[in-house]
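The primary structure of each chain is shown beneath.
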Amino acid sequence: MDFDPLTADFPQRLEFDEEQEAQAQGKSEPCSPLVLWAMGEQTQLSDGCMKVAQLVIGCSRDWLALLRLAPCKLEIAGSIIVVDHSLAGVCLQPHLKDSTCLSVRVNGQSSLLLLCQYAVPDEQAVLWAEAVYSAIRPEQTLIFASQPSRNYSIDNSEDPSCYMLNTDQARSAASHADRACDIPLLPAGQLLTGLPAALLSLCQVRQLKATLLVSDQAGGQHTRLRQLQSSLAILLKALPGSWNWLNLGEDIVRKAAKDLEAASPSTRASLYA
Amino acid sequence: MQLVQIAQQPATLEGKSLVLPAVSVGNVGQLALDLLINTAAAPCTGRLQTTCLLPCIGRGAYDHQPAESLATPLELYIPKVGSVAYLQQRSPAALGQQAVFAKQLAEQLQKLRPEEVVVLASLDAAGRFDHQLSQPPVSFRSSSPELSQRCQALDIPELQAAPASEPAYEDRLLPPWPLMQVCSEKEIPVTTLFTFCSEGDNAPHGVLLANAVHKLLARSGGDQSAEQPSTESCVPHWQPPHAWQQLYGPVQPAF
C-alpha cells in the first residue's frame, strides 16, 4: 500500500481489504492434503476408500495427549501429509511434539484414530476435511477439539468444561437408542471455527453421524485433563456401539500430563533433552 | 460447490425469487436474512458444500428449528408458502477466493433457475462520496430493467456511480460486486439492495434491508410469508431469533 504515513490520510479499511484480496487472488490454489496408507493397509481399501466403523479425530494438544495413550493396541495405518508443511524434526517413534497427522488402527479392528498434531489454517480446513472423508468412510465420527475461553461470546458462569455438538444423523441415532448425554450443548449463537468446524460441517452436509466435543482451555493442565477424561466417560456411555477402547483411567491422565509437560518447549526438561 | 438436498424437498427454485446476503461491512445482509428466515419460519431444504468459505458451525440459529440443529456456512431455506427462497451465508470467502466463490455460486444459481436474485449488501459509510451523503438509506443496482423499475416505483434510488477519480464499484473484488458481475455475464437477473453503515450494532440496518426487500418482493406478489401489516403501514413485524441475544457477548452485570 503506497502512502506517506506522515502526510497522507491512512487508507480506509476497504482499500486495505481490496488490496489484500487482489494480492491473494494472484497466488496459486491451495492443494488438498495427501492421505497415505501403510503397505499392509492398502489391501483393506475398497474403491480407494478405507471403510471403518468408528473414526476418532483429535485436533488439540490436550485431547491428543490423552488419545495417544488409549489402553488398546495402536498400529500406525497411515499418515495425512499437508503440502508445503515441513516434516523437519519429526521423531522416528511417534511423539506428541511431532508436527504430523498419523492415522492409527485400533486393536486391529475397524476403528481408526487420527492424531492431527499440526495446525491446519482455516483456509485449508475444508480441503483437509474433504480429503479425509474422501479417503475414509466411517459409520460414526468423534471429533475432539479445544477452543480458548476468549472465543466464547457467551455467559460461561456455569463453567462447563466441555460442550457438545451432534449432526442430525447422530442425534436421531442417539434418540433411537434412547441414550441421553449430560454434556451441555454449545449455547445457541456461539460459533466454532477452524478444523473442528470444517469436519463437523462436512458431516452435517453429507448426513453422516458425527459428534464434536469441544473443551475450554481454561485451568491448569492436570485439571483440564481430568475434566476431559470425565467428559469423555460421560459421552461414551451415551454413544451407540462399543467404545471401550477409549476408557481412559487416572494413570493415563497423569501420563498425559507428563507428556504435555515434556513436549512443551518452555519446560526445563527440554533444555537437557 | 455441491448442493445436498434434505430429503423430499424440491430441487429447483423455478418461479421463485431468491434472496441472499453479501458478507460485507457490519454483516447487514446476513442479519436481514436472519430476520426474513426466522419470521417466515422457513425450513432448511438444502446445504451447500464449498471449499471457498471459511468453516464455521453452530446450533440453534432459528427459533422454528430444533434447538440441537446445526447451522452450516451456506444453507437454503424455502418457506412453505410464498414464492421467495432464502440462501443464508454465515462465513466469508477465504482470502483470494471471492471470484472463485462468486463463479461457483452463479453456476449453482443457473442450475436452480430462480426467477430473480436479490442480494442484500452493505457499504462502508466512511467510504461514501459527497453526493451519496444525502441519499436515502437504501439504494439499488440491478441488471434487469424490470427490477429497476420496481425499485424506482418504491422510491429506492439507484446507487450512484463513484467519481471518475475513484475505482468504479463494478471493478471491486469484494462482495457483492464479483457475484453481480458473474450473474450479469450469465444473464441471471440480479438486483442488489445496499445500505451504508459502519461496524457496530447493525441490527437496525438489517431491519432496514429486510423492510426494503419485503416491499420489493411483496409488490411483485412474492413475499407473502412475513406477517402482513396493516394497510396504513408497510413495516412487517420482524422476529429476531433468540440466537441474537448473544450477538455482542454475554450481558454484563450491572454495577
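Counting from 1, residues in each chain are numbered in the order their sequence is written. Think of it this way: whatever chain is written first is A, whatever ligand is written first is 1, and the rest follow in order. Two thresholds apply to this predicted model, a pLDDT of at least 70 for residue-level local features and 80 or more for giving and counting side-chain atom pairs, whereas whole-chain, interface and lining totals are computed over all residues. To obtain the side-chain values, all non-hydrogen atoms of the structure were included, while hydrogens and water were left out.

Q: Would you take a moment to explain the overall build of chain B for this structure?
A: Only DSSP runs of H or I reaching four residues or more are called helices, and only runs of E reaching two or more are called strands; each is numbered from the N terminus. A count of helical and extended segments in chain B gives 5 helices and 10 strands. Only protein chains enter the accessibility calculation, which uses a 1.4 Å probe; a residue whose area is less than 20% of its type maximum is buried, one above 50% is exposed, and one in between is partly exposed. When each of the 255 residues of chain B is scored for burial, the buried share is 57%. A contact between two residues is defined here by any heavy atoms of the two lying within 4.5 Å. Taking the intrachain contacts of chain B between residues at least 6 apart in sequence as the baseline, contacts between residues at least 24 apart amount to 76%. Computed with a 1.4 Å probe, the accessible areas rest on the Shrake-Rupley method; for each residue, only the protein chains presented here act as cover. When the accessible surface of chain B is summed, it comes to about 10700 Å², and 52% of that surface belongs to carbon and sulfur atoms.

Q: Whenever I open this one, the interface of chain A and chain B confuses me. Can you help?
A: Often the size quoted for an interface is simply the accessible area lost on bringing the parts together. Contacts between chain A and chain B engage 44 residues on the former and 38 residues on the latter. For the pair chain A and chain B, the two sides together bury roughly 3600 Å², of which 61% comes from carbon and sulfur. Among the residues of chain A in contact with chain B, A:E18, A:E21 and A:V205 are the three that bury the most area, contributing 16% of the side total. Any Lys or Arg side-chain nitrogen located within 4 Å of an Asp or Glu carboxyl oxygen qualifies as a salt bridge. The tally of links between chain A and chain B comes to 2 salt bridges. Here B:E68 and A:R171 are joined by a salt bridge, their closest N and O atoms 3.8 Å apart. Here a polar contact is recorded for every N or O atom pair within 3.5 Å, except that within protein the pair must consist of a potential hydrogen donor and a potential acceptor, and residues adjacent in sequence are included only if both atoms are side-chain atoms. Summed over the shared surface of chain A and chain B, the result is 9 residue pairs in polar contact (both at pLDDT 80 or more). Every element with two or more residues in the side of chain A that touches chain B is listed here: α1 (13-25), α3 (122-135), β7 (162-166), α4 (168-176), β8 (192-193) and α5 (194-205) of chain A. For the side of chain A that touches chain B, the element with the most residues is α1(A), which contributes 9 residues. Its residues placed into classes, the side of chain A that touches chain B shows 20 nonpolar, 13 polar and 11 charged. Buried area: the sum, over both parts, of the accessible surface (1.4 Å probe) that disappears when the two are put together. Residue type decides the class: Asp, Glu, Lys and Arg count as charged, Ala, Val, Leu, Ile, Met, Phe, Trp, Tyr, Cys and Pro as nonpolar, and the leftover types, Gly among them, as polar.

Q: When you look at the pattern of salt bridges in this model, what are you seeing that I'm missing?
A: Two side chains that carry opposite charge are able to pair once their charged atoms sit near each other. All told, the structure shown has 15 salt bridges over all chains when counted by the stated rule. The partner of A:R105 in a salt bridge is A:E41, and the shortest N-O contact between them spans 2.8 Å. Remark: A:E41 occurs in the loop between β1 (34-37) and β2 (50-58) and A:R105 occurs in strand β4 (residues 101-106); sequence separation between them is 64 residues. In this pair, the class of A:R105 matches that of A:E41, namely buried. As a salt-bridge pair, B:E170 and B:R141 come within 2.4 Å of each other at their nearest N and O atoms. You can see B:E170 sitting in the loop between α3 (145-153) and α4 (177-185) and its partner B:R141 sitting in strand β9 (residues 138-142), a full 29 residues away along the chain. The class for B:E170 is partly exposed, based on a relative accessible area of 42%. Connected through shared salt-bridge partners, A:D168, A:R171, B:R47, B:E68, B:E75 and B:R90 make up one network.

Q: Got a minute to help me understand the pairing of strand β6 (residues 74-77) of chain B in this structure?
A: Looking down a regular strand, the side chains alternate between one sheet face and the other. Residues and elements named next belong to chain B. The alternating pattern of β6 places L74 and L76 and E75 and Y77 on opposite faces, both of which are buried. Bridge count for strand β3 (residues 44-49) against β6 is 3 bridges, and the pairing is antiparallel. Bridged to G46 within β6 is L76. Bridge count for β6 against strand β7 (residues 84-89) is 4 bridges, and the pairing is antiparallel. The residue bridging L74 from the neighbouring strand is Q89, located in β7. Only when DSSP finds a minimum of two bridges between them are two strands counted as paired. Turn length for the β6-β7 hairpin, with the two strands adjacent in sequence and antiparallel, is 6 residues, and the turn residue G82 shows positive phi of about 90 degrees.

Q: What am I meant to see in the sheet that holds strand β6 (residues 136-147) of chain A here?
A: What holds strands together in a sheet is hydrogen bonding between their backbones, with the strands either parallel or antiparallel. Residue and element names in this part refer to chain A. Within the open sheet, the 8 strands sit side by side as β1-β3-β4-β5-β2-β6-β9-β7. Their pairing is mixed. Edge strands, defined here as strands with exactly one partner in the open sheet, are β1 and β7. Pairwise comparison of adjacent strand axes, ignoring direction, gives a mean angle of 20 degrees for this sheet. Bridge count between β2 and strand β5 (residues 111-116): 5 bridges; the pairing is parallel. Axis definition: a line fitted to C-alpha atoms, limited for helices to the stretch in contact. Angles are taken between N-to-C directions and run from 0 to 180 degrees.

Q: Would you mind going over α5(A) with me for this structure?
A: Since the α-helix turns once every 3.6 residues, residues separated by three or four places project in the same direction. Residues and elements named next belong to chain A. Here a helix's expected span is defined as the number of its residues, less one, multiplied by 1.5 Å. Its 12 residues place the ends of α5 16 Å apart at the C-alpha level, agreeing with the 16 Å of an ideal helix rising 1.5 Å per residue. Buried residues dominate α5, accounting for 12 of its 12 residues. The complete set of buried residues in α5 reads G194, L195, P196, A197, A198, L199, L200, S201, L202, C203, Q204 and V205. Where α5 terminates, the next one or two residues include Q207, which has phi positive at roughly 60 degrees.

Q: Help me understand the confidence of the model for chain B in this model?
A: Caution is warranted with low-pLDDT regions, since their predicted coordinates should not be read in detail. Residue and element names in this part refer to chain B. Per-residue confidence from the prediction method is given by pLDDT, with values spanning 0 to 100. Mean pLDDT over chain B: 86, with 89% of residues reaching 70 or higher. Within the model, the stretch residues 224-233 combines pLDDT values under 50 with 15 contacts to residues more than four positions away or in other chains. Scored by ipTM, the complex comes to 0.88, with pTM at 0.89.

Q: Got a minute to help me understand the nonpolar core in this structure?
A: Membership of the largest hydrophobic core comes to 40 residues, with the highest contact counts inside it found for A:W128 and A:I136. Secondary structure elements with two or more residues in this core: β2, β3 (74-81), β5, α3, β6, β7, α5 and β9 (209-216) of chain A. When residues no more than four places from it in sequence are discounted, the contact partners of A:I136 are A:W37, A:M50, A:V52, A:L55, A:L112 and A:L114. Throughout this description, the term nonpolar core refers to a set of buried Ala, Val, Leu, Ile, Met, Phe, Trp, Tyr and Cys residues connected via side-chain atoms within 4.5 Å. B:L13, B:I78, B:L159 and B:V182 belong to the second-largest nonpolar core, a separate cluster that totals 38 residues.

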